[in-house]
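# Report on the structure
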Number of protein chains: 2
Amino acid sequence: MSEAKSNENSSVKVKCLVQQCLSAKLQVVLPDMEKNIEPEFVQIGRGVVFFVCFMKDATEADVDKLVRSVLGAKLSEPDNDPSKHIPILDIPGDILIIPQATLGGKIKGKVFQYHYNVNKDLGFELYSKFIELCKKYAREHPVWSKNSNLKIVNGTYGIRQVYSTETNGPYLHLIEF
Amino acid sequence: MSEAKSNENSSVKVKCLVQQCLSAKLQVVLPDMEKNIEPEFVQIGRGVVFFVCFMKDATEADVDKLVRSVLGAKLSEPDNDPSKHIPILDIPGDILIIPQATLGGKIKGKVFQYHYNVNKDLGFELYSKFIELCKKYAREHPVWSKNSNLKIVNGTYGIRQVYSTETNGPYLHLIEF
C-alpha cells in the first residue's frame, strides 16, 4: 500500500500551494555582514502567495498549465461579496511567488526525502518560467493590467525564504498534477 | 490519466501542512458587533503551525498515526545548529493547530471541489482528537514537558481562520497518507 502510494506521488510533476493574504513580505537578499550586504525585501498588499515546487519530469508545458490553473482558480474574495470567490487577476490583487522545494518532500520515518524533486538547474529554469508567465498573463488580463499600482514579485531561488504574512483567512489550496 | 489521479487522491485520509514560525497569531472568536462579541486570539512564539485536514474514511487511528508523524518529523532548527533539524518537541517549541479543510479540495476547471473531505461532525471529532493527542504526547515528552512556558493552542473548528505569522523560513512540508 505505502509502496503504491509512493509510486503515485512520483507521478506528480508540479505543485503550487495558494494562500490568500492581506499583506506579505519576503526577504530576497539575505544579509551578510562580512561582505557588507544589507538584507532586501519584497512586499505585497492584498492578494495571493504562490508557493511553487517542481518535481522530476516537469516541463515548460507543465509550468504553463500550472500558471493558467493558479491564475484562473476562483479562490479570492471580492470586497463587495465575501461569499463569492473569483480569480486573483479579476480582484485584481498582488501576487507573491515563493520557491518552496520542501513541498516536494516525502516523509520516511522521521526524515523528509526529496528524491522526486527536480534538480536545481532545471528547477531554476522552471521557476523563472513560472514568474515570466504569471507576469505575461497578468499584463494581458483586461482587469489586472488596468491597475498600475498592482505588482507581481518573487523570491530568490535557492535561498532561505524569510517570510511573514497577515491574512483574513489563508484559505490554503493545493494545485498539483 | 486524470481520472486515475483523482482515484489515487481519494485514498488519502489525512493531511497536515507543517510550517515553521518565529511567531503566529490566530483569531479564535470572530467579532460580532450586533451581539457585542469581541474578537479573541491565540498566539505562539517560536514553533510550528499545523494546518490539518481530514478526508472521508479517516479514523481515530489515522489521527493518532498523523500526530505521531508530525510531532516526530525532524523539521525544526535548533538554535545552536541551524544546519540540523529535529522534532518540534525536542526544540522544544510552541504549537499552533489550525483546521484547514480547504487543503482537501481538488480543482476542477476553475473551481475547487471538496467531495473527498470528511463531513463536518466527524471532522470536528477528529480535529478534537488531533489536539488532544498533540497535548498528550507533548506532556509525556521528556524535554517539552519540562518547559512550563511552552504552549499548544488551536483554532476554532468551522470558522474563518484569520491568521498572521512571521518566519525565518516557513520550510513548508506536507504529511499525508
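Just above sits the structure.
Reference entry: report on the structure contained in this document.

Reading the values: the criteria
Residues numbered from 1 in each chain as written. Chains lettered and ligands numbered in written order. Predicted model: local features only at pLDDT ≥ 70, side-chain atom pairs only at ≥ 80, totals over all residues. Heavy atoms only, no water. Buried < 20%, exposed > 50% of the residue type's maximum accessible area, 1.4 Å probe, protein only. Helix = DSSP H or I, 4+ residues; strand = E, 2+ residues; numbered from the N terminus. Pairing = 2+ DSSP bridges. Right-handed = clockwise from strand over helix to strand, strands pointing away. Core = buried A, V, L, I, M, F, W, Y, C linked by side-chain atoms within 4.5 Å. Contact = heavy atoms within 4.5 Å. Axes fitted to C-alpha atoms, helices over the stretch in contact; angles between N-to-C directions.

### A look at the pairing of strand β5 (residues 94–99) of chain A
Residue and element names in this part refer to chain A. Counting buried residues along β5, six of its six residues qualify, which places the element largely inside the surrounding structure. Neither face of β5 is left uncovered, since the one carrying Asp94, Leu96 and Ile98 and the one carrying Ile95, Ile97 and Pro99 both have all their residues buried. Pairing between strand β4 (residues 47–54) and β5: six bridges, direction parallel. By the bridge assignment, Gly47 is partnered in β5 with Asp94. Chirality of the crossover, the property in question, places the unit of β4, helix α2 (residues 60–72) and β5 among those that are right-handed. Pairing geometry for β5 and strand β8 (residues 152–154), over three bridges, is parallel. Bridge pairing links Ile95 to Ile152 in β8.

### Thoughts on the nonpolar core
Counting residues in hydrophobic clusters, the biggest one holds 38 residues, and the most contacted among them are Leu17 and Leu96 of chain A together with Leu17 and Leu96 of chain B. Apart from residues no more than four positions distant in its own chain, Leu17 of chain B is found in contact with Leu17, Leu103 and Leu172 of chain A together with Val49, Phe50, Phe51, Leu103, Leu172, His173 and Leu174 of chain B.

### Description of the sheet that holds strand β4 (residues 47–54) of chain B
All names here are of chain B. Ordered by their spatial adjacency, five strands build an open sheet running β8-β5-β4-β1-β10, and the pairing between neighbours is mixed. Single-partner strands in this sheet number two, and they are β8 (152–154) and β10 (173–176). Across the sheet, the mean angle separating the axes of adjacent strands is 20° when strand polarity is ignored. The sheet contact formed by strand β1 (residues 14–21) and β4 spans eight bridges and is antiparallel. Residue pairing for β4: Cys21 is matched across the bridge by Gly47. Sheet strands touched by helix α2 (residues 60–72): β1, β4, β5 (94–99) and β10. Its angle to β1, the strand with the most contacts, is close to 25°. Its contacts with the sheet put helix α3 (residues 120–140) on β1, β4, β5 and β8, and the angle it makes with β4 is roughly 150°.

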